[in-house]
Structures are given as C-alpha cells and as structure tokens.
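The chain contents come next:
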Amino acid sequence: MIQSVIKFGGSSLAKPSNIIHAASIINNPPPNVLRQHVVVSAPGKRFPNDIKCTDLLISAHTAASNQDKALYDTIIHKIVSRFQELSLSLPFNTEIWDRAQNSNQKHSALSYALSRGEFFNAAVVAAALENYEIIDPADSFIIFDPHTQELDMTSTMQAIGMTFGQEITNGSGYIIPGFYGSISGNPLNIQTFSRGGSDITASLVAAALHDVSPSSTIVHENFTDVDGIYNADPNICRASIISKLGYQQCKRMALAGANVLHSDAIRPLEERAIPLWIRNVQPLGKNVEGKEIYTEVTATEVCSGNSDTSSSSIVLAVCGQEDCITIVCKNKVNEDMKLNLINELQEFLEQNDVNALVMKCTDDVSIEIKVDENKRNDVLSLLHGYIYR
Ligand code: ASP
C-alpha cells in the first residue's frame, strides 16, 4: 500500500462545495493508496477580491492590539460568518482580544490569532468525514525552539513519528491543521511558520512517516485550485503547466516569487526522495442524480528525476519578484551554458530596448536579471515569449 499525506490549500477549502470535494477525494483514493493523513489550510479566497481567513485573523488581532473594539467585532463577525457558511458554528470567545491585551505575550498572541483559521477549518473538514480524528500540532508534534523560535527539527520528527507511527485501521485517519505548532510543545504558546506554511506541516508529516518505516512507500499529494505549476505567472503571459520538475527547481521557483509551494517544504521531501504531486480536480460531468462528478488529475510532479522535456529550451521557468527576474533551468547547467544564455538574453533585451541592470548566475540552476521594478512584468512577458517561441 502507498501512504499518501494529502494537503488541501486554502482556496480548495474556501467554499462549502470545496469541502464536499475534499471529503470525496479523501474517501476515494486510487487503488493501493491510503489517504489517512490530511493536512488543511485555513479558508482562502472564494473569489478574486475576497480576503483570506488568515488575513482577517491578522486584522482582528491588530484591532484588538489597538483596543478598537468596534472594528474587532466587525472583523470577528466576518470570520464567524465564513465558518458558518462552512457549517461550523464557531465557539468564538474573546481569546484573540484578551491575549492581545497582554503586552508580555505580543508574539504569541499574534501567532494564536493566525493559527485559528487552520484550527477551525480542521473541524470543518473532520465534520464532513467519518472516523477522521483531529490532531492538534500544538499539543504534541510541531515543536519550535524556545530560543530561536525556529522549528526544532529533531524533536518534531520524533514527535510526529510517535504520534502517527502506528498503523491506522482502514477507513479512518487524521485531520491535521497546518501552519502552526508550539514552542517546546506547550500548547499555550503557539508559534506559526511563515505564510503558506501548511505546506511545511504536510511535508514534515510525510518525511516523519518515511523515517518511521523507510521500507514503505510514502507520497505527498497537494491539492490546489490551479492546474499545477506554471512556467511563468499565467496572469502576465501565456504560461504553460510544467508536468515534471526537480526539487531544486521547485525550491528555486518558490524563492523567486512563483506561487508554488513554500520553499521550506521541499527539503524534507528531497532528502528522502518522497515524490510530490500537485493535483487538481476536474469536472467530469453529472451523475444520474444530477450531482457533479469530479476526477483527479496530476498536474505537476515534483521528484528527483529530470524536469519536463516537452520544450526544447534549457529553461524551465521564468519567475519575477520585486526588481528581479529569475530564469530557472531544467537541469544543472555548467558555466559555459549559463554564460551563453546570459549573452543571448542580453542581446535579445538590448534589441528590444530593455535596460537589464545586471545579469548574474545565482546557482547551478538559475540566473537572475535585475530590471526596473515597474517594467518587470513587461520584461518577463517579453522574455517568456522569446524563450518559448
Ligand atoms: N493560512 C496560512 C496562510 O494564509 C497558511 C497556509 O495557508 O498555508 O498563509
């Protein structure tokens, strides 16, 4: 049997229909696959201008810190309504407000507020399933160091192994809120990862399950609402999906501003060669009762093999962030190849009257181009068109 640690991102758990799909995905794995460890994010955006639940929680904490009770109540009302829409009546007490008043606990008060989106969404998903138990990472298994406030990797891996190491009866499993844990395993002292950190929780669980039983096959499936990882931002240019990419490339893209995975989620998987599938669901049509039927698609695979070879270019993706465009190559490229690429791109940009301030090799899979930040998206689109012409 293959054990899959599965994660749902915020936008795939934002609406009631998403929760039904998630439950059906969990309950209907492919043959030989068990989906017993489910990591969830907080409800994300339901439509383009919507506000993510985590952002609402940050605003609630800020209002509480500023002792603006009217604003606090308005924001809490929005959060309660979001969960009501997902059929959870929130036992929202004054905890976020109370904690924010305690000036000795500023940091933990913010972390506590931030973590509630995942905490309550775990209850939403668990209610849609039978026999899935919620396990709170702050109680026992995502452990942060009290001095550095960073993840204590050794304690965390041991604790996850102890929490989830035993075989689970078929048909049951765990719902795990992503994104947070606690300092020294003390549930009163919550600490979060940086934004997007539910990816890290999922990858740590997959890694620890692998360590408990190295001979078993562990995979990680990350369900999103997009078709996979694109070779550029599809809002900027005609980007296409990358079917397969290496861990290094995925990490480089994440660091260069691509909205893929959290960059810290990759190492635990890479060290153990645990494959990661970014998956989406696609509507197949309706069944006889008129209900939509969905099928799963693997949009992108992140693994230790070679990256996508469907285009002849050595470039895998073009990413942009602030004043920097990063060109990520499919495989490791030697100095000569990189210099050739730099020269070629420089010439192309000059011909198009673009002033690229600096071009440099950053590591053995990427080069960086510094540009005027206001023109970054135009340059990115131009380069993408040229590279994948
Ligand atoms: N809910 C958190 C965020 O919005 C963490 C996550 O979704 O992974 O960043």
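It should be emphasised that the depicted structure is a prediction, and the values quoted were computed from it without experimental measurement. (Residues numbered from 1 in each chain as written. Predicted model: local features only at pLDDT ≥ 70, side-chain atom pairs only at ≥ 80, totals over all residues. Heavy atoms only, no water.)

**Side note on the nonpolar core**
- The biggest cluster of nonpolar side chains holds 46 residues, and the ones touching the most others in it are Phe-141, Ile-160, Phe-164, Ile-229, Leu-245 and Met-253.
- Listed by contribution, the elements that provide at least two residues to this core are strand 4 (143–144), helix 7 (153–164), strand 5 (173–177), helix 8 (198–212), helix 9 (247–255), helix 10 (266–271), strand 10 (276–286) and strand 12 (315–321).
- Looking at this core, the element that brings in the most residues is helix 8, giving 8 residues.
- In this view, Met-253 contacts Ile-229, Tyr-230, Ile-242, Leu-245, Ala-258, Val-260, Leu-316, Ala-317, Cys-319 and Val-328; residues no more than four positions away in its chain are not counted.
- Counting residues in each nonpolar core, the second largest holds 43 residues, with Cys-53, Ala-63, Tyr-112 and Tyr-132 among its members. (Core = buried A, V, L, I, M, F, W, Y, C linked by side-chain atoms within 4.5 Å. Buried < 20%, exposed > 50% of the residue type's maximum accessible area, 1.4 Å probe, protein only. Helix = DSSP H or I, 4+ residues; strand = E, 2+ residues; numbered from the N terminus. Contact = heavy atoms within 4.5 Å.)

**Remarks on the sheet that holds strand 7 (residues 190–192)**
- The sheet built from 3 strands is open, its strands ordered 4-6-7 with mixed pairing. A strand with exactly one partner marks an edge of an open sheet, and here the two such strands are strand 4 and strand 7.
- Sheet topology note: the strand 6 (residues 180–183)/strand 7 ladder contains 3 bridges and is antiparallel. Counterpart to Ser-182 in the pairing with strand 7 is Ile-190. (Pairing = 2+ DSSP bridges.)

**Regarding the state of the cysteines**
- Enumeration according to the criterion identifies 0 disulfides in this entry.
- Note on Cys-250: no disulfide assigned, nearest cysteine sulfur contributed by Cys-319 at a separation of 10 Å.
- This cysteine, Cys-319, is not joined by any disulfide, and Cys-324 carries the nearest cysteine sulfur, 9.6 Å off. (Disulfide = S-S within 2.5 Å.)

**A closer look at the environment of Asn-170**
- Mapped onto the elements of the fold, Asn-170 is located in the loop between helix 7 and strand 5.
- Taking the C-alpha atoms as reference, Asn-170 lies 23 Å from Thr-201; in sequence the two are 31 residues apart.
- When neighbours within four sequence positions are excluded, Asn-170 is seen to be in contact with Leu-34 and Gln-36.

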